[in-house]
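# Structure at a glance
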Amino acid sequence: MLKADNLSKVFNIHLIGDKVIKGCNGVSFIVDRGEFLGISGPSGAGKSTILKCIYRTYLPTGGDIRYDSVLYGQVNLATIADHMVISIRHKEIGYISQFLKVIPRVSAVDIVAEPLLLKNGVSPEEAKTKAGELLERLNIPRKLFDAYPATFSGGEQQRVNIARAIIWKPRLLLLDEPTASLDRDSTAIVVELLKELRNEGTSMVGIFHDNELMKSITDRAYRMNPETEYAE
Ligand SMILES: Nc1ncnc2c1ncn2[C@@H]1O[C@H](COP(=O)(O)OP(=O)(O)OP(=O)(O)O)[C@@H](O)[C@H]1O
Ligand SMILES: [Mg+2]
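Residues numbered from 1 in each chain as written. Chains lettered and ligands numbered in written order. Predicted model: local features only at pLDDT ≥ 70, side-chain atom pairs only at ≥ 80, totals over all residues. Heavy atoms only, no water.

### Here's the deal with the nonpolar core
So the rule is basically this: We call a set of buried residues a nonpolar core when its members are Ala, Val, Leu, Ile, Met, Phe, Trp, Tyr or Cys and they connect through side-chain atoms within 4.5 Å of each other. Buried, partly exposed and exposed residues are distinguished by accessible area as a fraction of the type maximum, computed with a 1.4 Å probe on protein chains only: under 20%, between the cut-offs, and over 50%, respectively. Put simply, DSSP H or I for four residues or longer makes a helix, DSSP E for two residues or longer makes a strand, and each gets a number counted from the N terminus. Here, residues are in contact when the closest pair of their heavy atoms is within 4.5 Å.
Residues Leu-135, Ile-166, Leu-173 and Leu-194 are the most contacted members of the largest nonpolar core, which totals 38 residues. Among the secondary structure elements, those contributing two or more residues to this core are helix H3 (108–120), helix H4 (124–137), helix H5 (154–166), strand E7 (172–176), helix H6 (184–199) and helix H7 (211–217). Excluding residues within four positions of it along the chain, Leu-194 makes contact with Ile-166, Leu-173, Leu-175, Met-204 and Ile-217. Among the nonpolar cores identified, the runner-up in size contains 33 residues, and Phe-29, Val-75, Val-85 and Met-224 belong to it.

In structure tokens form, the structure reads like this:
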């Protein structure tokens, strides 16, 4: 379903004298349909950069990312036109960022319901009900449903972020340290939800700092080799 082949990303920073910073280098892996691939490696190795290249937040500077799209057939995410990337993000690929970008003045329940409304064409009432159920499973107190997540704790924000990303059951889900700021109970709930999602057919690529946790939910791991990745 997804095949990264010799993927690399370098950043040219003009502000600091055209310095070249290596994001990731020579990354190759395959994700079969319905599979959960873990990515591990030291801080700064380029794990987030890989996910951002797949989601095309970053334009790769080398290599290919082959993806079997429902909308377009097999495409190279490294090179296809922006409008195709936008359609694929809209209908097929979800992304949970390492840090929540809070949408100002939108309540928690509406933030979570929005993708269902926009992507799956569900009615506003049904979307809100489903969003509430998911927030409840994630132990977000009911009194916070109508509050703005800007003032939520880090762990509460991350759970809202996760709920928004999984509610529409994307075909491929990219997860950047989704449980980093969660306690053990919340982590267990998220793991359960991710397993359910996988059983319903979502393929996933996830970054985890906790190796035990990664082993318990992923099928395979791609370990970034710092020596290769940092090579000049
Ligand atoms: N937009 C950017 N501009 C310049 N350099 C960047 C940019 N994004 C990432 N980098 C650099 O690329 C390298 C890899 O960063 P990345 O965020 O992918 O690491 P990571 O493996 O996810 O680390 P962590 O485990 O700390 O999240 C770092 O040296 C970082 O400074
Ligand atoms: Mg990262």
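### A look at unusual backbone geometry
Despite not being glycine, Asn-6 has its phi angle at roughly 55°, a positive value. Checked against the element boundaries, Asn-6 lands in strand E1 (residues 2–13). When its relative accessible area of 48% is taken as the criterion, Asn-6 is described as partly exposed. Phi at Arg-56 is positive, roughly 65°, even though this residue is not glycine. Topologically, Arg-56 is positioned in the loop between helix H1 (47–55) and strand E4 (62–69).

### What about the sheet that holds strand E8 (residues 203–207)?
Using the following cut-off: Strand pairing follows a simple DSSP-based rule, namely that at least 2 bridges must link the two strands. Inter-axis angles, ranging from 0 to 180 degrees, are taken between N-to-C directions of lines fitted to C-alpha atoms, where helices are fitted over the stretch in contact.
Spatial ordering of the open sheet is given by E6-E7-E8-E3-E9, a layout of five strands whose pairing is parallel. The open sheet is flanked by strand E6 (93–96) and strand E9 (220–223), the only strands paired with a single partner. When strand polarity is set aside, the average angle formed by the axes of neighbouring strands in this sheet is 15°. With four bridges connecting them, strand E3 (residues 36–40) and E8 associate as parallel partners. Within E8, the position partnered with Leu-37 by the bridge is Val-205. Running over the sheet, H1 touches E3, E6, E7, E8 and E9 and is turned about 150° from E7.

### A look at a nonpolar patch on the surface
Threshold: Put simply, a patch holds well-exposed residues, over 30% relative accessible area, that have no salt bridge, with like charges counted together within 9 Å and Val, Leu, Ile, Met, Phe, Trp or Tyr side chains within 5 Å. Per-residue accessibility takes into account occlusion by the displayed protein chains alone, with areas from the Shrake-Rupley method and a 1.4 Å probe. Salt bridges are defined as contacts in which a side-chain nitrogen from Lys or Arg sits within 4 Å of a carboxyl oxygen from Asp or Glu.
Nonpolar side chains collect at one region of the surface, where Leu-15, Ile-16 and Ile-21 lie side by side and expose about 340 Å² of accessible area between them. Structurally, the position occupied by Ile-21 is in strand E2 (residues 19–31). Under the relative-accessibility criterion, Ile-21 is labelled partly exposed at 38%.

### A few points about the site of ligand 1
Heads up, the rule is: A cutoff of 4 Å decides nearness: a residue is near a molecule or strand if any of its heavy atoms lies inside that distance of it. Each polar contact in these results corresponds to two N or O atoms within 3.5 Å; when the atoms are within protein, one needs to be able to donate a hydrogen and the other to accept it, and residues that are neighboring in sequence are counted only if both atoms are side-chain atoms. All amino acids are sorted into three groups, where Ala, Val, Leu, Ile, Met, Phe, Trp, Tyr, Cys and Pro are nonpolar, Asp, Glu, Lys and Arg are charged, and the leftover types, Gly among them, are polar.
Close to ligand 1 lie 17 residues, the nearest being Ser-43, Gly-44, Lys-47, Ser-48 and Thr-49. Between ligand 1 and Ser-43, the relevant distance is 2.5 Å, taken from an oxygen atom to a side-chain nitrogen or oxygen of the residue. A distance of 2.8 Å separates an oxygen atom of ligand 1 from a polar backbone atom of Gly-44. For ligand 1, the protein covers 69% of the area, taking 640 Å² as the surface of the free molecule. Residues that form the shell around ligand 1 fall into these classes: six nonpolar, eight polar and three charged.

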